Amino acid sequence: MASIAVCPGSFDPVTYGHLDIIKRGAKVFDQIYVVVLNNSSKNPLFTAEERIHLIKEVTKHIPNVIVDEFAGLLVEYAKSVKANAIIRGLRAVSDFEYEMQITSMNRVLNEEIETFFIMTNNQYSFLSSSIVKEVAKYNGKISELVPPYVEKALHAKFYKHE
Ligand code: PNS
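I will try to describe carefully the structure that is included in this document. If you're wondering where the values come from, they're calculated on a predicted model, not measured in any experiment.

Reading the values: rules and limits
- Residues numbered from 1 in each chain as written.
- Predicted model: local features only at pLDDT ≥ 70, side-chain atom pairs only at ≥ 80, totals over all residues.
- Heavy atoms only, no water.
- Axes fitted to C-alpha atoms, helices over the stretch in contact; angles between N-to-C directions.
- Helix = DSSP H or I, 4+ residues; strand = E, 2+ residues; numbered from the N terminus.
- Parallel < 35°, antiparallel > 145°, perpendicular 65-115°, else oblique.
- Contact = heavy atoms within 4.5 Å.
- Pairing = 2+ DSSP bridges.
- Right-handed = clockwise from strand over helix to strand, strands pointing away.
- Expected span 1.5 Å × (residues − 1).
- Buried < 20%, exposed > 50% of the residue type's maximum accessible area, 1.4 Å probe, protein only.
- Patch = residues over 30% accessible without salt bridge, like charges linked within 9 Å, V, L, I, M, F, W, Y side chains within 5 Å.
- Areas by Shrake-Rupley, 256 points an atom, 1.4 Å probe, with all protein chains shown as cover.
- Salt bridge = Lys/Arg side-chain N within 4 Å of Asp/Glu carboxyl O.
- 1 Å grid on protein atoms, 1.4 Å probe; cavity = no way out; pocket = protein on both sides within 12 Å on 5 of 7 lines; lining within 4 Å.
- Points joined across faces, edges and corners; volume = space filled by probe spheres on them.
- Nonpolar A, V, L, I, M, F, W, Y, C, P; charged D, E, K, R; others polar.

A separate point is the packing of helix 2 (residues 48–59) against helix 6 (residues 148–159). Contact geometry for helix 2 and helix 6: axes closest at 9 Å, N-to-C directions at 155°. The orientation of helix 2 relative to helix 6 falls into the category roughly antiparallel. For the pair helix 2 and helix 6, contact is made by Glu 50, His 53, Leu 54, Glu 57 and Val 58 and by Tyr 149, Val 150, Ala 153 and Lys 157, respectively.

Next comes the structure, spelled out in structure tokens:
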């Protein structure tokens, strides 16, 4: 039986930190669905379509990755693609409480779906989409934080009138 996992997130936008988790997850599972979901506590900069486009572009060399979006509960999406695993990246202790909360909630919603954590590469332990947006907004250097394609998209978002 093929092992299928879902790698969910806001991906606003996808960073090298996300990419590291996706690549490592893709080595372990037969198929990974990277899915853009709505986080009700966040107000995204990029539309879902834009976020999907960026993820597709930077993961196109990984054959067992499928990029998708879903407006609903993560466990419902996982069920719809026959995934029984969720992959999340864990950066620092500060991520733990939040991750424990959503993992526990997801388990209450569907106990058949197991969440697996991948420790982020130390190089990216400080990295988040929010930090990238903050630096990009003030025209700071982000070339070590996001792939060039995403860097261009951020630049276009913030400086489209120049
Ligand atoms: O990248 P993020 O913002 O930390 O990802 C959080 C996300 C999108 C995975 C989470 O908010 C989510 O799963 N949203 C969909 C709704 C849902 O299923 N919530 C989980 C129960 S609390």
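Inspection of the sheet shows strand 4 (residues 85–90) paired to strand 5 (residues 114–119) by 6 bridges, in the parallel sense. Residue Ile 87 lies in a different strand from strand 5, and its bridge partner there is Phe 116. Read as a crossover between parallel neighbours, the route from strand 4 over helix 4 (residues 93–109) to strand 5 is right-handed.

Attention now goes to the sheet that holds strand 1 (residues 4–9). As a general point, the strands of a sheet are linked pairwise by backbone hydrogen bonds and lie either parallel or antiparallel. Read across the sheet, 5 strands follow the order 3-2-1-4-5 without closing on themselves; strand pairing throughout is parallel. With one partner strand each, in any of the chains shown, strand 3 (65–69) and strand 5 form the two edges of the open sheet. Geometrically, the sheet is characterised by an average inter-axis angle of 30° between neighbouring strands, direction not taken into account. The sheet contacts of helix 1 (residues 16–28) involve strand 1, strand 2 (31–36), strand 3, strand 4 and strand 5, and relative to strand 5 the element is tilted by about 120°. Relative to strand 4, helix 4 is tilted by about 170°, and along the sheet it contacts strand 4 and strand 5.

Once that is clear, we can look at the pairing of strand 3. Here strand 2 pairs with strand 3 via 5 bridges, running parallel. Each bridged residue has a counterpart across the sheet, and for Val 36 the counterpart in strand 3 is Glu 69.

Our next topic: helix 4. The end-to-end C-alpha distance of helix 4 is 25 Å, a good match for the 24 Å that 17 residues give at a rise of 1.5 Å each. Every buried residue belonging to helix 4 is among Asp 95, Glu 99, Thr 103 and Asn 106, and all of these are buried. In the core, the buried residues of helix 4 are packed alongside helix 3 (74–80), strand 4 and strand 5.

Residues Leu 73, Met 105, Val 108 and Leu 109 make up a contiguous nonpolar surface patch of about 380 Å² in total accessible area. Looking at the secondary structure, you find Val 108 in helix 4.

Quick look at the environment of Val 75 now. Tracing the backbone through its elements, the reader meets Val 75 in helix 3. Separated by 18 residues in sequence, Val 75 and Glu 57 place their C-alpha atoms 26 Å apart. With sequence-adjacent residues up to four places away left out, Val 75 is seen in contact with Asn 106, Leu 109, Asn 110 and Ile 113.

One number sums up the size of the largest pocket: a volume of about 1200 Å³. Along its surface, the largest pocket is lined by 46 residues, and Gly 9, Ser 10, Asn 39, Arg 88 and Tyr 98 are the ones closest to its centre. Of all the secondary structure elements, the ones that give two or more residues to the lining of the largest pocket are strand 1, helix 1, helix 2, strand 4, helix 4 and helix 5 (129–137). Counting residues per element, the lining of the largest pocket draws most heavily on helix 4, at 7 residues. Looking at the lining of the largest pocket, its residues break down into 20 nonpolar, 17 polar and 9 charged.

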